[in-house]
Each structure stands twice: as structure tokens, then as C-alpha cells.
Amino acid sequence: MNKPIRALLAVVSFIISIHLILSFTHEDYGRTTSLSNIKAKLSPNTSGHSTTTYDYDDLPTSHIPSFNSSNIRKANATFVILARNSDLDGTVRSLRDIEDRFNRRFKYPYVFLNEEEFTDEYKMRVTNIASGKVEFGVIPHDHWYQPDWIDEVKATAGRQQLVNDKVIYGGSVSYRNMCRFNSGFFFRHPLLQKYKWYWRVEPEVRFHCDVKYDPFLYMEDNNKVYGFVITMYEYIKTIPTLWEHTKDFINLHPEYVAKDNSMNYISENSGASYNLCHFWSNFEIASLDFWRSKEYTEYFDYLDTKGGFYYERWGDAPVHSLGVALFAEKSKIHFFSDIGYEHNPYVHCPADDKVWLEGRCSCDQRKNFDYDGYSCMKQWDRIAD
Ligand code: GDP
Ligand code: MN
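Cut-offs used in this document
- Residues numbered from 1 in each chain as written.
- Chains lettered and ligands numbered in written order.
- Predicted model: local features only at pLDDT ≥ 70, side-chain atom pairs only at ≥ 80, totals over all residues.
- Helix = DSSP H or I, 4+ residues; strand = E, 2+ residues; numbered from the N terminus.
- Buried ≥ 20, exposed ≤ 12 C-beta atoms within 10 Å, placed from the backbone.
- Contact = placed C-beta atoms within 7 Å.
- Near = placed C-beta within 6 Å.
- Nonpolar A, V, L, I, M, F, W, Y, C, P; charged D, E, K, R; others polar.
- Pairing = 2+ DSSP bridges.
- Core = buried A, V, L, I, M, F, W, Y, C linked by C-beta atoms within 7 Å.
- Axes fitted to C-alpha atoms, helices over the stretch in contact; angles between N-to-C directions.
- Parallel < 35°, antiparallel > 145°, perpendicular 65-115°, else oblique.
- Left-handed = near helix turned anticlockwise from the far one by under 90°.
- Expected span 1.5 Å × (residues − 1).
- Right-handed = clockwise from strand over helix to strand, strands pointing away.

**Student:** Requested: an account of the overall build of the protein, with residues and values cited.
**Tutor:** Looking only at helices and strands, one finds 17 helices and 12 strands in the protein. Buried positions account for 37% of the 385 residues belonging to the protein. The contacts of the protein with a sequence gap of at least 6 include a subset with a gap of at least 24, amounting to 80%.

**Student:** Please give an account of the site of ligand 1 that cites residues and values.
**Tutor:** The environment of ligand 1 is made up of Leu 82, Ala 83, Arg 84, Asp 87, Asn 114, Glu 115, Ser 174, Tyr 175, Met 178, Glu 202, Pro 203 and Asn 282. Looking at which element gives the most residues to the shell around ligand 1, the answer is helix H8 (residues 173–184), with 3 residues. Of the residues belonging to the shell around ligand 1, the class tally is 5 nonpolar, 3 polar and 4 charged.

**Student:** Which residues make up the sheet that holds strand E11 (residues 341–343), and what values go with them?
**Tutor:** Strand order in this open sheet of 3 strands is E5-E11-E12, and the pairing throughout is antiparallel. The open sheet has two edge strands with one neighbour each: strand E5 (206–207) and strand E12 (346–348).

**Student:** Account for the nonpolar core, with residues named and values stated.
**Tutor:** Among the nonpolar cores identified, the biggest contains 86 residues, and Val 80, Ile 81, Phe 112, Phe 186, Leu 192, Tyr 198 and Tyr 226 are the most heavily contacted of them. Among the elements that line this core, the one with the most residues is helix H15 (residues 316–327), at 7 residues. When sequence neighbours within four positions are dropped, the list of residues in contact with Val 80 reads Val 111, Leu 113, Phe 186, Leu 192, Tyr 198 and Arg 200.

**Student:** Please give an account of the sheet that holds strand E3 (residues 134–138) that cites residues and values.
**Tutor:** Strand order in the open sheet formed by 7 strands is E3-E2-E1-E4-E9-E6-E10, and the pairing between neighbours is mixed. The sheet terminates laterally at E3 and strand E10 (333–335), the two strands that pair on one side only. Neighbour-to-neighbour, the strand axes of this sheet turn through a mean angle of 20 degrees, independent of strand direction. As judged from the 4 bridges shared by strand E1 (residues 77–82) and strand E4 (residues 197–200), these two strands associate in the parallel manner. From the neighbouring strand, Thr 78 faces E4, where its bridge partner is Tyr 198.

**Student:** Describe the packing of helix H4 (residues 88–106) against helix H5 (residues 120–127), naming the residues involved and giving the relevant values.
**Tutor:** Relative orientation of the contacting elements H4 and H5 amounts to 15 degrees, with a least axis distance of 10 Å. For the element pair H4 / H5, the angle class is roughly parallel. Of the two possible hands of crossing, H4 and H5 adopt the one that is right-handed. Counting all contacts with H4, which are made through Leu 88, Thr 91, Val 92 and Leu 95, the residues of H5 involved are Tyr 122, Arg 125 and Val 126.

**Student:** If you had to explain unusual backbone geometry to someone new, which residues and values would you point to?
**Tutor:** The bulk of non-glycine residues show a negative phi, and the bulk of peptide bonds are trans. Residue Pro 345 is reached from Asn 344 by a cis peptide bond, and omega for that bond is 5 degrees. Residue placement: Pro 345 occurs in the loop between E11 and E12. Even without a glycine there, the phi angle at Lys 107 is positive, about 60 degrees. Within the secondary structure, Lys 107 sits in the loop between H4 and strand E2 (110–114). Of note in this structure, Glu 204 is not a glycine but carries a positive phi near 70 degrees. Along the polypeptide, Glu 204 turns up in the loop between E4 and E5.

**Student:** Break down helix H7 (residues 152–164) for me, with residues and values.
**Tutor:** In a regular helix each residue adds 1.5 Å, so 13 residues correspond to 18 Å; H7 covers 18 Å between its end C-alpha atoms and thus fits that length. Phi turns positive one or two residues past the end of H7, at Lys 166, with a value near 55 degrees.

**Student:** Give a description of the pairing of E1 that names residues and reports values.
**Tutor:** With 6 of 6 residues buried, E1 lies mostly within the body of the structure. Pairing analysis gives 4 bridges linking E1 to E2, with the strands arranged parallel. Directly across from Leu 82, in E2, lies its bridge partner Leu 113. In this region the chain leaves E1, passes through H4 and returns to the parallel neighbour E2; the handedness of that crossover is right-handed.

**Student:** Describe the environment of Pro 240, with residues and values.
**Tutor:** With respect to the helices and strands, Pro 240 occurs in the loop between strand E7 (231–233) and helix H10 (242–252). Pro 240 gets classed as partly exposed once you count the C-beta atoms within 10 Å, which come to 15. Remark: the alpha-carbon pair of Pro 240 and Glu 312, spanning 72 residues in sequence, is separated by 7.5 Å.

**Student:** An account of the environment of Lys 330 is needed here, citing residue identities and associated values.
**Tutor:** If you trace the backbone, Lys 330 turns up in the loop between H15 and E10. What makes Lys 330 partly exposed here is the crowd of 19 C-beta atoms within 10 Å. Through-space distance from the C-alpha of Lys 330 to that of Asp 260 is 6.1 Å; in sequence the pair is 70 residues apart.

Structural data, given as C-alpha cells:
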């Protein structure tokens, strides 16, 4: 062998030795340079969904338990996002947080719902961020729009009253459609039929702490049906008759009311009147089967016949909350105190310093809403163990 070839061979075998040593001693190095990994990044995305576009496992993982998401136990669960095409930027911001703080390691799917088709731009930009499968659904006409049997003269007068009273969204019909849909229809959408659990996310919300465990499995393993992070009072002007109708319904069906229910959270007087406390439903981790139950669907259908979603402005938050407080046992409701969450203007920031530190929370604990005067945490504390 002549000299230059020998020198070249020496260099090549040196590089190979270094590569092998690094591959065995440094897991991350081995992963980023493995052929299958490089191939996964280069191969075109044929599924139509961005499950292989980004390999988040290559990011620094000092704060994150590392595991291969393909062989861990997962729940039959999805994110649900109701949004308009005009909510695109806000949706992207919410997804950035939920992916960075949780889903890049768990890769749960997303279902996006809208009363009209999502644009190609919307689909492309959210698919680009999501680490799990993404599906887009159009809401059936009758699940969204004001039913024909609603007395429009009465509905117009109801809206005008709330405008005069300066109640937020008082004059909006689309807001009422949204509240009725979230109260009684989202869980009936065909794209959600295959799932048991959902996590509701809205455009323009923040997730402030790492979520290092699987909250869906927490719900499943602890026999929960409904999880919340913020609870507060509803505006009485939006639901003047809701409690009367609710009482009528439970008088018709006393057998539907859970024995160990949460009446002491929603009432100061054993049910004579409603104290307006509700779970803020823009965040929910909950069971779809609970909403699909006979008790809840009959309750919703009963309320719907009263027309209060249009004559008044019943929100999905009080309707969900009354349903879950009455028809589920109180032990089935969970306060996710460790999930840092913000929906303008309120923040739930973990009060426990250890949780705040370990979750690398970005929120200001002094702004935590839990014991704000407008919060219903004190009512929740009355019934929580
Ligand atoms: P707020 O939280 O009560 O102030 O109400 P939002 O405006 O945030 O609406 C609640 C949720 O419904 C969000 O996820 C919105 O994106 C969605 N939403 C509200 N109105 C409409 C609408 O007319 N069409 C669609 N597709 N989504 C809507
Ligand atoms: Mn909102």
C-alpha cells in the first residue's frame, strides 16, 4: 500500500471508531445519526398528517421523562378544538403551548370542528405543529344553527335585553349557537364517536407548566369523569330560568341524581337556589361517555326544548357544570391543580411551590385565580376531600 492510501484508511477507520464509541456511549448521538432516523426525516409524508415530520425526541430532554411514545400505554383520547378560520393564529399559539408542554411526548390526536369547512391554509398550519393525527370536521347543520321552532320575536327581545344590560355577547346569535353546540352536540359529532376522552382547547389559551404525566390515564385510572382548572360565578342575567328548569327536570327524574352529588358546590341552600358556581369549560378534560349518558342527554334535550339557549344566553359552562354536579358522584370530578392554564383574563397557576418549580411554570403565582373574590374554589373546597 502506498502512503496516501494508508493515511486515508487510517483517517476513515478513526472516524468509524469515534462514531461507534459515541453511538454506544451517547444515546442521543446514536439516535440522531441512526439510518432509520435520518430516513424518517427525509421520507415524504404520505399519511397526510404530520406524525413523522418532526422528531421531538431529538430535543434536549433534561426535564422530560424520556420514553418511546409508541410503546407506552395510552388512553382512547383526543384534543377537541372548536374554531373559526379566523381563529387560525390563536389556534397555532394554543397548539404551540400544548405541544411544547405536553403532547410532543404523548402524541395524542386532534379533532378540529367548525360549522364551515376549514381552509387549506388552516389545515396546513395546524397540521404542521401537531405531533399526533389531525382530523377536521364540519358540524351538521342542525347541531349548530338556531332551530326553526324558536320564536324569533322572543329571541330578538331576549338579545336586546342583554345588550341593554351590557352583558358580554348579549346580542350575538353565533355565540348562542356555540354554547348550545358545546352543551349538547360536540360529543355526538361523527369524528368523536371513536373516542372515550377529550381535552378541550380553545384558540388563544396558554399552558404554563410541563405536564409530565398523562391526564387522560389519570382520569381513567382514578374513575373520574370531569376535570377542571378554574371555577367561577356565572352572570345571572344569562341564565335567569336555568335553575328552575333544572329543578323541574330532576323532579321528573329523581333517580338520575347521583347519591353522592355536588349539590353543596352549586348551592348554598341544598338546592333551593343556584349559587352560579360553574367550572370554566374552555378547559375540560372529561369523559365523552358521560355526556352521552342517558341522564345527561335527556337533561340537555329537556333544557333545549325550553329555548333558553336563544331566549336567554345559557352557557355551556353552567349547563355542563350542573349536569356533572348532579348526575356524577362528586368523587368523579377532579381539580387539575398542577396544570398551569390561562384564558384571558384569568390564570390558574399552581400554588404549590414544588409543583411550580418541577413543572417549569411560566406563570406568576401571585396572579393565580384560585382564591380571587370571583372564584368558586371555596365552594369546591367544601365538597372536595
Ligand atoms: P368565550 O371564551 O366565552 O369568550 O368565547 P370564545 O369566543 O372563546 O368561544 C368559545 C369557543 O368557541 C372557542 O373555541 C371559539 O373558537 C369557538 N367559537 C366561538 N364562536 C364560534 C363560531 O361562530 N364558529 C366556530 N366555528 N367557533 C366558534
Ligand atoms: Mn374563549
